[in-house]
Amino acid sequence: QVQLVESGGGLVQAGGSLRLSCAASGSIFRFSNIMGWYRQAPGKQRELVATITSGERRNYADSVKGRFTISTDNIKNTMYLQMNSLTPEDTAVYYCNAKRYGLGQYDVWGQGTQVTVSS
């Protein structure tokens, strides 16, 4: 069973930056069709933040465009989310995800890491 573990969350002031990491127990990102970061704020549904495909196409939620950057390091089996110019609206639990379609399909989630942005 492949596992994903997020880290790098914490408490920062508005305007600050954080770099989230998602470490895989295996070379899951090498085989995934799409990987991404999602977040869930209190009282809100989980929402997509950023995705990256096996072809390295990147997509971002409108609310984070220009501020967040998603990337992967297949050698280290790690996915990152660089978050700049943080605002209190970015406060949420951030989850990483890796998904493969078709043969050997899977949909793997990490346990989440808390990001809190103070005013």
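Above this text is the structure in question.
Below is a short write-up of the structure. As the structure is a computational prediction, the values presented were derived from the model and not from experiment.

**Thoughts on the overall build of the protein chain**
Counting its secondary structure elements, the protein chain contains one helix and eleven strands. Ordered by position from the N terminus, the helices and strands of the protein chain form the series β-β-β-α-β-β-β-β-β-β-β-β. In terms of overall dimensions, the protein chain is globule-like: its C-alpha atoms have a radius of gyration of 14 Å, near the 14 Å expected for 119 residues. Each of the 119 residues in the protein chain was classed as buried or not, and the buried ones make up 39%. Of the contacts made within the protein chain by residues no fewer than 6 positions apart, 55% connect residues no fewer than 24 positions apart.

**Focus on the nonpolar core**
Generally speaking, nonpolar side chains in soluble globular proteins are found buried as a group. Membership of the largest hydrophobic core comes to 29 residues, with the highest contact counts inside it found for Leu 4, Phe 29, Trp 37, Met 79, Leu 81, Met 83 and Tyr 94. Contributions of two or more residues to this core are made by strand 3 (18–24), helix 1 (28–31), strand 4 (34–40), strand 5 (47–53), strand 7 (68–73), strand 8 (78–83), strand 9 (92–100) and strand 11 (113–118). Once residues within four sequence positions are removed from consideration, Phe 29 is found in contact with Leu 4, Cys 22, Ala 24, Met 35, Asn 74, Asn 77, Thr 78, Met 79 and Ala 98.

**As for the side chain of Thr 51**
In this structure, Thr 51 sits in strand 5. Setting aside its immediate chain neighbours within four residues, Thr 51 contacts Ile 34, Met 35, Gly 36, Tyr 38, Arg 57, Arg 58, Asn 59 and Ile 70.

**Digging into the pairing of strand 4**
Counting buried positions along strand 4 gives five out of seven residues, so the element sits mostly inside the fold. Direction of pairing for strand 4 relative to strand 5: antiparallel, over a ladder of six bridges. Within strand 5, the position partnered with Tyr 38 by the bridge is Leu 48. Taking the residues that link successive antiparallel strands as the turn, the strand 4-strand 5 hairpin has six residues, and the phi of Gly 43 there is positive, at about 75°. Here strand 4 pairs with strand 9 via seven bridges, running antiparallel. If you follow Gln 40 over to strand 9, its bridge partner there is Val 93.

Each value, and the rule that gives it
Residues numbered from 1 in each chain as written. Predicted model: local features only at pLDDT ≥ 70, side-chain atom pairs only at ≥ 80, totals over all residues. Heavy atoms only, no water. Helix = DSSP H or I, 4+ residues; strand = E, 2+ residues; numbered from the N terminus. Rg over C-alpha atoms; globule rule 2.2 N^0.38 Å. Buried < 20%, exposed > 50% of the residue type's maximum accessible area, 1.4 Å probe, protein only. Contact = heavy atoms within 4.5 Å. Core = buried A, V, L, I, M, F, W, Y, C linked by side-chain atoms within 4.5 Å. Pairing = 2+ DSSP bridges.

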